[in-house]
Amino acid sequence: MKAIVCNNFGPIKNIEYKDVNEHKIEENSVIIDVQSVGVNFPDGLLVQGKYQLKPETPFIPGMEVAGVIIEIGSNISKFKIGDRVAALTQLNGYAEKVVVKESSVFNIPLKMSFDHSCALLCAYGTSHYALKQRGKLQKDELLVVLGASGSTGIAAIQIGKIMGARVIAVASTSEKQRIAEENGADISIGYDNLKEELKTISNGKGVDVIFDPVGGDIFDTVARTMARNGRLLVIGFASGTIPKLAVNLALVKEFSVVGVFWGAFTRSDTEEYKKNMIELFEWYQNDLLKPLTEESYPLSDAAMVLEKVLSRGAKGKIILKP
Ligand SMILES: NC(=O)c1ccc[n+]([C@@H]2O[C@H](COP(=O)([O-])OP(=O)(O)OC[C@H]3O[C@@H](n4cnc5c(N)ncnc54)[C@H](OP(=O)(O)O)[C@@H]3O)[C@@H](O)[C@H]2O)c1
């Protein structure tokens, strides 16, 4: 089968589209004929050796896929050949076929496209967990989403609206701000004068919840805009810089900095995680949310796509097609 292989950690352009041996079925696993692969920011870090996970090389990157089951292991009763499914794979997703443990596979409704089901995994899964369990977002609170036109950002806007918040999107260009508004943001603004803008928008009260997948200098700026009892959610560092917090700000303003690690949640709190996924699927079926998956490329273009994602080029979730 064809797959994208990282032979050695290094520049993204070194990843290779090539023939590889297919993995063998295991008793508690299924084989998926992959129709859509979700591209995630960490995939680009992973192949460069810049991510917390460092698999042995060579390896196939890719943590979320959707497709059709073509083979089932001897212990499988929950799935059958022909089922439409989405799955979290951690690795091996950038391929025509993938072997996945049953516990990581979800049946997807007929009306849900393969592309949308990929987006609902890492991006919506993360933003949902962040706002619900970690941020405890309440109706009528003020939510600010940074990196708002990106994959987790769009998800955070849509989920924030479903949870009843007033959502302010922050994005770097007017086109990205327009996309954020089309996806439900009440207002979208740029990074310039952000502290003053948020002070005005919140009538001086400050922001209740901030969703920050960007990090860097902007983290320090938004830390100065928090409301009393606010929650500053640490999602990621797309800017490439892990910020430091002047903790006197947390003392004086009485806000909390809350870490979010969805991967750890899926592994250590499996029941709660499954309930979250069911809720997301229900919202999708009730047309309350709609992933933005307008861009898709052949799997062979993975290197170009990863470069694009890591250089601020993503709008919503990008999909690769094997
Ligand atoms: N904690 C978790 O469990 C978890 C789960 C998933 C993802 N993440 C992390 O969250 C971060 C964002 O993921 P994502 O899927 O939303 O990525 P994405 O789709 O690429 O969006 C990231 C956004 O960050 C902004 N950004 C600012 N400076 C940037 C820079 N120098 N390079 C690239 N983007 C920059 C961009 O928006 P503007 O141009 O508007 O600034 C971009 O749209 C990543 O660090 C990822 O590893 C964490």
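All of these numbers come straight from a predicted model, not from anything done at the bench.

Enquirer: Could you clarify how one ought to interpret the overall build of the protein in this entry?
Expert: Check the secondary structure of the protein and you find ten helices and 15 strands. For 322 residues, the compact-globule formula gives about 20 Å, and the C-alpha radius of gyration of the protein, at 20 Å, lands near that figure. Summarising its shape, the C-alpha atoms of the protein cover approximately 60 × 40 × 35 Å along the three principal directions. Across the protein, contacts joining residues at least 24 apart in sequence account for 68% of those joining residues at least 6 apart.

Enquirer: Honestly, the nonpolar core in this entry has me stumped. Any pointers?
Expert: Across soluble globular proteins, you tend to see nonpolar side chains buried next to one another. Among the nonpolar cores identified, the biggest contains 95 residues, and I32, V144, V145, A169 and F211 are the most heavily contacted of them. Ranked by residues supplied to this core, first place goes to helix α2 (residues 114–134) with eleven residues. Taken domain by domain, the makeup of this core includes at least three residues from each of domain 1 (2–113 + 293–321) and domain 2 (124–263). Apart from residues no more than four positions distant in its own chain, A169 is found in contact with V145, A148, I157, Q177, A180, E181, A185 and S188.

Enquirer: What should I look at first to understand the site of the ligand in this one?
Expert: Among the 31 residues in the neighbourhood of the ligand, the closest are listed as G147, G150, T152, S172 and G236. Contributions of two or more residues to the shell around the ligand are made by α1 (41–46), α2, α3 (151–162), α8 (262–268) and α10 (302–310). When grouped by side-chain class, the residues that make up the shell around the ligand number 16 nonpolar, 13 polar and two charged. Counting only domains with at least three residues in the shell around the ligand, you end up with domain 1 (2–113 + 293–321) and domain 2 (124–263).

Enquirer: Is there a simple way to explain unusual backbone geometry in this structure?
Expert: Leave glycine aside and you will find that most residues have negative phi; peptide bonds, for their part, are mostly trans. The amide bond that connects T57 to the next residue, P58, takes the cis arrangement and shows omega of -5 degrees. Locating P58 in the fold gives a position in the loop between α1 and β4 (64–72). The backbone phi angle of N229 is positive, close to 70 degrees, even though this residue is not glycine. Mapped onto the secondary structure, N229 falls in strand β12 (residues 226–234). Within the chain, R312 stands out as a residue other than glycine whose phi angle is a positive 75 degrees. Note that R312 resides in the loop between α10 and β15 (319–321). The exposure class of R312 is partly exposed, given the 16 C-beta atoms found within 10 Å.

Enquirer: Just to check I follow, could you spell out the domain arrangement of the protein for this structure?
Expert: Often, the extent of an interface is quoted as the loss of accessible area upon association of its parts. Along its sequence, the protein is carved into domain 1 (2–113 + 293–321) and domain 2 (124–263). The partner domain 2 presents eight residues to the six residues of domain 1 that form the contact. Among the residues making up the side of domain 1 that touches domain 2, the classes are represented as two nonpolar, one polar and three charged.

Enquirer: Just to check I follow, could you spell out the environment of A119 for this structure?
Expert: Among the structural elements, A119 can be located in helix α2. Sequence separation between A119 and A86 is 33 residues; the distance between their C-alpha atoms is 9.9 Å. Sequence-distant contacts of A119, defined by excluding residues within four places in its chain, comprise G38, Y124, P291, T293 and K317.

Enquirer: Looking at this model, I keep getting lost on the pairing of β4. Mind explaining?
Expert: Residues in a regular strand project their side chains so that they alternate between the two faces of the sheet. Sheet topology note: the strand β3 (residues 29–38)/β4 ladder contains seven bridges and is antiparallel. Residue pairing for β4: I31 is matched across the bridge by E71. As defined by bridge partners, β4 adjoins strand β5 (residues 84–88) across five bridges and the pair is classed as antiparallel. Its bridge partner being in β5, V65 is matched across the sheet by A87.

Enquirer: In this structure, what is going on with the packing of α2 against α3? I would like to understand it.
Expert: The axes of two packed helices give the description: the angle between them and the distance between them. Look at α2 against α3: their axes get within 8 Å of each other, and the N-to-C directions meet at 50 degrees. In terms of axis orientation, α2 runs oblique to α3. As α2 packs across α3, the resulting crossing turns out to be right-handed. Between α2 and α3, the contacting residues are A123, Y124, T126, S127, H128 and L131 on the first element and S151, T152, A155, A156, I159 and G160 on the second. Grouping the constituent residues of the contact of α2 with α3 by class yields six nonpolar, six polar and no charged.

Enquirer: Hey, could you run me through the sheet that holds strand β9 (residues 166–170) in this one?
Expert: Across a sheet, strands are paired by hydrogen bonds formed along the backbone, either parallel or antiparallel in direction. The strand order across the open sheet formed by six strands is β10-β9-β8-β11-β12-β13, and the pairing between neighbours is parallel. In this open sheet, the two edge strands, each paired with only one partner strand, are β10 (187–189) and β13 (256–259). Strand after strand, the sheet turns through a mean of 20 degrees between neighbouring axes, direction not considered. Relative to strand β11 (residues 207–212), strand β8 (residues 142–145) is paired through three bridges, and the arrangement is parallel. When the bridges of β11 are listed, L143 appears paired with V209. The strands touched by α3 within the sheet are β8, β9 and β11, with β8 carrying the most contacts at an inclination of about 165 degrees.

Enquirer: What am I meant to see in the environment of I31 here?
Expert: Within the element layout of this structure, I31 appears in strand β3. Assessed through the 22 C-beta atoms surrounding it within 10 Å, I31 is described here as buried. Residues I31 and G206, spaced 175 residues apart in sequence, show a C-alpha to C-alpha distance of 50 Å. Dropping the residues within four chain positions of it, I31 is found in contact with I25, I70, E71, K97 and V99.

Rules behind the numbers
- Residues numbered from 1 in each chain as written.
- Predicted model: local features only at pLDDT ≥ 70, side-chain atom pairs only at ≥ 80, totals over all residues.
- Helix = DSSP H or I, 4+ residues; strand = E, 2+ residues; numbered from the N terminus.
- Rg over C-alpha atoms; globule rule 2.2 N^0.38 Å.
- Contact = placed C-beta atoms within 7 Å.
- Core = buried A, V, L, I, M, F, W, Y, C linked by C-beta atoms within 7 Å.
- Buried ≥ 20, exposed ≤ 12 C-beta atoms within 10 Å, placed from the backbone.
- Domains from an automatic or database assignment.
- Near = placed C-beta within 6 Å.
- Nonpolar A, V, L, I, M, F, W, Y, C, P; charged D, E, K, R; others polar.
- Pairing = 2+ DSSP bridges.
- Axes fitted to C-alpha atoms, helices over the stretch in contact; angles between N-to-C directions.
- Parallel < 35°, antiparallel > 145°, perpendicular 65-115°, else oblique.
- Left-handed = near helix turned anticlockwise from the far one by under 90°.

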